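Per-entry structural report
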Amino acid sequence: MEPLVIEHVAQQLAWLLLGAALLGLLARRLSVPYEVALVLAALLVEESGLVAAPSLEPSVLLFLFLPPLLFDAAFRQDVHHVGHMATGILLLAVPGVLLTALAVGGILTLVLGLPLATALVFGSIVAATDPVAVVGVFRRLHVPGHLLALLEVESLANDGTAITLYTALVGIALAGVADPLAILTLFGRQVIGGILIGTVAALIFSRLTAATDDHLIEMTLSTALAYGSYLLAQSLDTSGALACVAAGLIHGSFGRASGMNEASRHLLDDLWEYLGFIANALVFLLLGFTVNLRLLLAQAWPVTVAIVAVFVVRALLVAGILTLPKRALGITPPEGVVLVWGGLRGALTASLALALPAATPGRDVVIAMAFGVVLFTLVVQGLTLPVIVRRAGLAKLKAL
């Protein structure tokens, strides 16, 4: 990369970080979800045309932001919550993601006449929820802890599975053939391979971490594990996303218990909270800069169908979970309503949509629908979520 290009990228990054910090202060003062403020502000800048909006290549976007987004959520996850909700997690992570992708894709094919392979790609893009905006609302309203944990664990489980499915479906869409057996075979190989690679890498790095008390080396090892597990799995044609999630979970549980002192644990938690925060902020800003309102209006019908399909499928999935034995997830009907309305789509959906190869059939329509779903869930559902939480009787205190 030429020096002038590097300088230009550095300048863009500096302005993005400054904007993210200032918008964070404003969002906190106005009690608005931070992610909503980021998207709306970036959208306003893009539509005004006063400032050249920054952009990144899709491949760079995935490489830079996916590992910290996934590893952050996994590393800081309470493994006791994961174990307690194991049955529900498995249902949400595999059948839930597959059913969401299939149902949403089927609706779009029937209503819009999209090719099945393209419709299924879109289904995989919106299959994973983003709890970042929801978590802030839940904590402010003192929603029961098990519901907050469920939302975070659901997203963690769904992210890796949805990205793996997305990778398999994009390849099949480019080939122009939607072979269910080929999809399942590729999906299975990527899931098993990714989890194995992430697990082995995390065990090795956990032992390396135990060999030192230098917190700087421990942070460096942890960062290398996040990106290294992702890249190694990708190079072996398995799921980099699931490798990163598995590595984060094991390094944050086994590695934390066997090789870190108390100070190192806090430092690593802070490191990954910061890196996850930065990745989320930059993705939401880039989302706002990339959204073209004229394109969304031009694709108003597909966008509307996509929004309705995603919401209906989410409602049906949660309704199905409510029929399971209480020990599976143990949620009540009012909590189910909040889970439906809190099923926001955000950074991951935007990143996967932007990363679609240029040769993907119907790419522009898919991106427009994905952006429409993200904007609707973030702005409409995100801003009204406190009202839904209170109406469901789950808010212990009023929002500040």
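Residues numbered from 1 in each chain as written. Predicted model: local features only at pLDDT ≥ 70, side-chain atom pairs only at ≥ 80, totals over all residues. Heavy atoms only, no water.

1. Here we look at the overall build of the protein
Under the convention used in this document: Helix and strand assignments come from DSSP, with helices taken as H or I runs of at least 4 residues and strands as E runs of at least 2, each series counted from the N terminus. Here the term buried applies to any residue with accessible area under 20% of the maximum for its type, exposed to any over 50%, and partly exposed to those in between, with areas from a 1.4 Å probe on protein chains only. Whether two residues are in contact is decided by their heavy atoms: any pair within 4.5 Å suffices. For every accessible area listed, the method is Shrake-Rupley and the probe measures 1.4 Å; residues are considered covered only by the protein chains on display.
Check the secondary structure of the protein and you find 17 helices and zero strands. Looking at the protein residue by residue over its 400 residues, the buried ones come to 52%. For the protein, contacts bridging at least 24 residues in sequence account for 81% of all contacts bridging at least 6. Carbon and sulfur atoms form 70% of the exposed surface of the protein, whose accessible area is close to 17700 Å².

2. Topic: the pattern of salt bridges
Inclusion rule: Here a salt bridge means any side-chain nitrogen of Lys or Arg lying within 4 Å of a carboxyl oxygen belonging to Asp or Glu.
In this structure the tally under the stated criterion is four salt bridges. Where Arg76 meets Asp72, a salt bridge forms, and the shortest distance between an N and an O atom there is 2.6 Å. Among the residues examined, Asp72 registers a relative accessible area of 9% and is labelled buried. Asp237 is paired through a salt bridge with Arg189; the nearest N and O atoms lie 2.9 Å apart. With a gap of 48 residues between them, Asp237 in the loop between helix 10 (215–235) and helix 11 (240–259) and Arg189 in helix 9 (residues 180–210) connect regions that are remote in the sequence. Look at Asp237 and you get partly exposed, because its relative accessible area is 41%.

3. Concerning the packing of helix 14 (residues 300–322) against helix 15 (residues 333–341)
So the rule is basically this: Axis angles are defined between N-to-C directions and span 0 to 180 degrees, where every axis is a line fitted to C-alpha atoms and, for a helix, only to the segment in contact. If an angle is under 35 degrees, it is roughly parallel; if it is over 145, roughly antiparallel; if it lies from 65 to 115, roughly perpendicular; otherwise it is oblique. For any helix crossing, the convention is left-handed if the near helix is rotated counterclockwise from the far helix by under a right angle, and right-handed if that rotation is clockwise. Put simply, Ala, Val, Leu, Ile, Met, Phe, Trp, Tyr, Cys and Pro go in the nonpolar bin, Asp, Glu, Lys and Arg in the charged bin, and everything else, Gly too, in the polar bin.
Packing of helix 14 against helix 15 brings their axes to within 9 Å, and their N-to-C directions diverge by 150°. The orientation of helix 14 with respect to helix 15, classified from their angle, is roughly antiparallel. Classified by chirality, the crossing of helix 15 by helix 14 is right-handed. Between helix 14, through Phe311, Arg314, Ala315, Val318 and Leu322, and helix 15, the contact on the second element is made entirely by Pro333, Gly336, Leu339, Val340 and Trp341. A class-by-class count of the residues in the contact of helix 14 with helix 15 yields eight nonpolar, one polar and one charged.

4. Brief notes about the environment of Phe376
With respect to the element layout, Phe376 can be found in helix 17 (residues 363–391). When its relative accessible area of 29% is taken as the criterion, Phe376 is described as partly exposed. C-alpha of Phe376 to C-alpha of Leu344: the two residues are 32 residues apart in sequence and 8.7 Å apart in space.

5. Some words on helix 16 (residues 347–354)
With respect to burial, helix 16 is a largely interior element, eight of its eight residues being buried. By the burial criterion, the buried members of helix 16 are Ala347, Leu348, Thr349, Ala350, Ser351, Leu352, Ala353 and Leu354.

6. Overview of the nonpolar core
In plain terms, the rule: To form a nonpolar core, buried Ala, Val, Leu, Ile, Met, Phe, Trp, Tyr and Cys residues must be joined to one another through side-chain atoms within 4.5 Å.
The biggest cluster of nonpolar side chains holds 119 residues, and the ones touching the most others in it are Leu108, Phe122, Ile125 and Phe138. Ranked by residue count, the leading element in this core is helix 12 (residues 262–290), at 13 residues. In this view, Phe122 contacts Val104, Leu108, Ala306, Val310, Val366, Met369, Ala370 and Val373; residues no more than four positions away in its chain are not counted.

7. Some thoughts on the packing of helix 15 against helix 17
Where helix 15 meets helix 17, the axes come as close as 9 Å, and the angle between the chain directions of the two elements is 165°. Judged by the angle between their axes, helix 15 and helix 17 are roughly antiparallel. Handedness of the helix 15/helix 17 crossing: left-handed. Taken together, the residues of helix 17 that come into contact with helix 15 (itself represented by Val337, Val338, Val340 and Trp341) are Val380, Gln381, Thr384, Leu385, Ile388 and Val389. Residues that form the contact of helix 15 with helix 17 fall into these classes: eight nonpolar, two polar and no charged.

8. Things to note about the confidence of the model for the protein
How we decide: pLDDT measures the predictor's confidence residue by residue and takes values from 0 up to 100.
Per-residue pLDDT for the protein averages 82, and the proportion of residues at 70 or more is 86%. Looking at the elements of the protein, mean pLDDT is at its lowest for helix 4 (residues 79–84), recorded as 61, and at its highest for helix 10, recorded as 93.

9. Side note on the environment of Leu108
Within the element layout of this structure, Leu108 appears in helix 5 (residues 86–112). Under the relative-accessibility criterion, Leu108 is labelled buried at 0%. Not counting chain neighbours up to four residues away, the residues in contact with Leu108 comprise Gly113, Leu114, Ala119, Phe122, Val305, Ala306 and Met369.

10. What about the packing of aromatic side chains?
What counts, and what does not: Two rings from Phe, Tyr or Trp (for Trp, the six-membered ring) form a pair when their centres are within 6.5 Å of each other. A pair whose planes differ by under 30 degrees is stacked, one over 60 is edge-to-face, and the rest are tilted.
This model, assessed by the stated rule, comprises four aromatic pairs. Arranged with centres 5.9 Å apart and planes meeting at 15°, the rings of Phe71 and Phe75 form a pair that is stacked. In this pair, Phe71 and Phe75 both sit in helix 3 (residues 58–75), four residues apart, roughly one turn of the helix. Like Phe75, Phe71 is buried. Ring plane angle 45° and centroid distance 4.5 Å describe the contact between Phe71 and Trp272, whose orientation is recorded as tilted.

11. Some thoughts on a nonpolar patch on the surface
We apply this condition: Patch rule: a residue counts if its relative accessible area is over 30% and it has no salt bridge; like charges are joined within 9 Å, and nonpolar side chains (Val, Leu, Ile, Met, Phe, Trp, Tyr) within 5 Å.
A grouping of Trp15, Leu18, Leu22 and Leu25 is seen on the molecular surface, where their side chains present a nonpolar patch of about 490 Å² in accessible area. Position of Leu18 among the secondary structure elements: in helix 1 (residues 3–30). By relative accessible area, which is 41% here, Leu18 ends up partly exposed.

12. Re helix 2 (residues 34–48)
Along an α-helix, residues three or four apart share an orientation, since each turn contains 3.6 residues. Applied cut-off: Here, expected helix span is obtained from the residue count minus one, scaled by 1.5 Å.
Its 15 residues give helix 2 an end-to-end C-alpha distance of 21 Å, which sits within 8% of 21 Å, the value for a rise of 1.5 Å per residue. Within helix 2 the residues assigned to the buried category are Tyr34, Glu35, Val36, Ala37, Leu38, Val39, Ala42 and Leu43. Note on helix 2: the residue one or two positions beyond its end, Gly49, has a positive phi of about 70°.

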